[in-house]
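Coordinate inspection notes
The chain contents come next:
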Amino acid sequence: MSESGTSGRPTQALHPDDRHDQRAHSALPYFAVWIALLFFTALTYLTGKQHLGTWALAIALIIACTKSTLVALIFMHLKDSSGTTRLVFVTSLIFVAVLLFFTVSDVATRFRPATPAGAPFGTERSQPEGLLEHELPE
Amino acid sequence: MHPDAAGLPPGILGHHFSSLARQNEAMRLGMWLFLATEVLLFAGLFTGYAVYRFQFPEAFAECSRHLELTLGTVNTLVLITSSLTVALAIHYARTDRRRAAAICLVITLLFALTFLGIKAVEYAAHFHERSLPGKYYAYEAVKIPGAAMFFSVYFLMTGLHGVHVIAGMSVLSWILRRTLQGRYSSQYYTGLELGGLYWHLVDLVWIFLYPLLYLI
């Protein structure tokens, strides 16, 4: 990975992590990411408008995660950052996942008296499109 | 005097850092730690959103379809493009084109104002049709349990995001002043970079808010 052989030069005070600053810097990746973000926004708009039922949320989240990854890696320079910086951000994401997973698991496994008034429960929840309740598989 | 500080404007390199590179790395790490706490702050609201969307799937879908999808989509494009102009401002500063960097920051601030203006139009419509949180909810178009909760979540999430847009604008204005003073160059631009990181986080949050609120 490292091609640095400058450790013997006392005037060179650059930290290894700052070496990318010394290369000729191009704005091209930023425009590429911008176009990709426009594309994914159009994609999330078009798929979102279809109301694809069960898969709608998964598709929306996958597109949003892709967009965020592009922003974090290129716009926020995480691609060129030190491991410590990346670790901090990834750690926060792990805790977001823990928070969401256990909270939603709790809510999803409650019994009726523990749900808020008026919230649909069990068979009252939205059914797959095109099927009436008595047509549903057991 | 520090050997690193030669050629830098005064007051940039702290005496407690052995080199500018170490100071830059410490600044970046500090900023990312702050951004991690911001992610967790928003994660609380996203979790609340997940809970109530799970409890009231129909109400959330129905209310979402009564939001102004066009305005939300335009705002997404505005924020994405403002992220590009901030990234370009940093790029121009680190290649010693201060004028271009300042122009990019001004454009970013204009985009931020556009975003807030569009959001204000949406909020005005919500107040007019009374699609408001909790007990203030009296929206004629959607009358099912959970609709008031959707708008509570909607106002909390877009409201906290809006506060971040205003905070980001303050940070970027301050950085614009420093850019015009000539404090950022190829030798030192970390302050500008950190302000940009904050703005990108504002964009990141909106990337998730847009499909979750407007496109259920």
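See the structure printed just above.
Residues numbered from 1 in each chain as written. Chains lettered and ligands numbered in written order. Predicted model: local features only at pLDDT ≥ 70, side-chain atom pairs only at ≥ 80, totals over all residues. Heavy atoms only, no water.

Moving on: the environment of Leu20(B). One can find Leu20(B) in helix α1 (residues 20-55). The class for Leu20(B) is buried, based on a relative accessible area of 9%. (Helix = DSSP H or I, 4+ residues; strand = E, 2+ residues; numbered from the N terminus. Buried < 20%, exposed > 50% of the residue type's maximum accessible area, 1.4 Å probe, protein only.)

This brings us to the interface of chain B and chain A. Contact residues are listed per partner, giving 56 residues for chain B and 58 residues for chain A. Here chain B and chain A share an interface that buries about 5000 Å² over both sides, 74% of which is from carbon and sulfur atoms. Counting the contacts that link chain B with chain A gives 0 salt bridges. At the boundary of chain B with chain A, the tally comes to 6 residue pairs in polar contact (both at pLDDT 80 or more). For the side of chain B that touches chain A, the leading source of residues is α1(B), giving 21 residues. In terms of residue class, the side of chain B that touches chain A is made up of 34 nonpolar, 12 polar and 10 charged. (Contact = heavy atoms within 4.5 Å. Buried area = accessible area lost by both parts, 1.4 Å probe. Salt bridge = Lys/Arg side-chain N within 4 Å of Asp/Glu carboxyl O. Polar contact = N/O pair within 3.5 Å; in protein donor to acceptor, adjacent residues only side chain to side chain. Nonpolar A, V, L, I, M, F, W, Y, C, P; charged D, E, K, R; others polar.)

We now examine the nonpolar core. Residues and elements named next belong to chain B. Core analysis: the biggest nonpolar cluster contains 91 residues, and Phe 150, Phe 151, Tyr 154 and Tyr 214 have the highest contact counts within it. For this core, the element with the most residues is helix α6 (residues 190-214), which contributes 16 residues. Those residues in contact with Phe 150 that sit more than four places away from it in its chain are Phe 60, Cys 63, Ser 64, Leu 67, Leu 213 and Ile 216. (Core = buried A, V, L, I, M, F, W, Y, C linked by side-chain atoms within 4.5 Å.)

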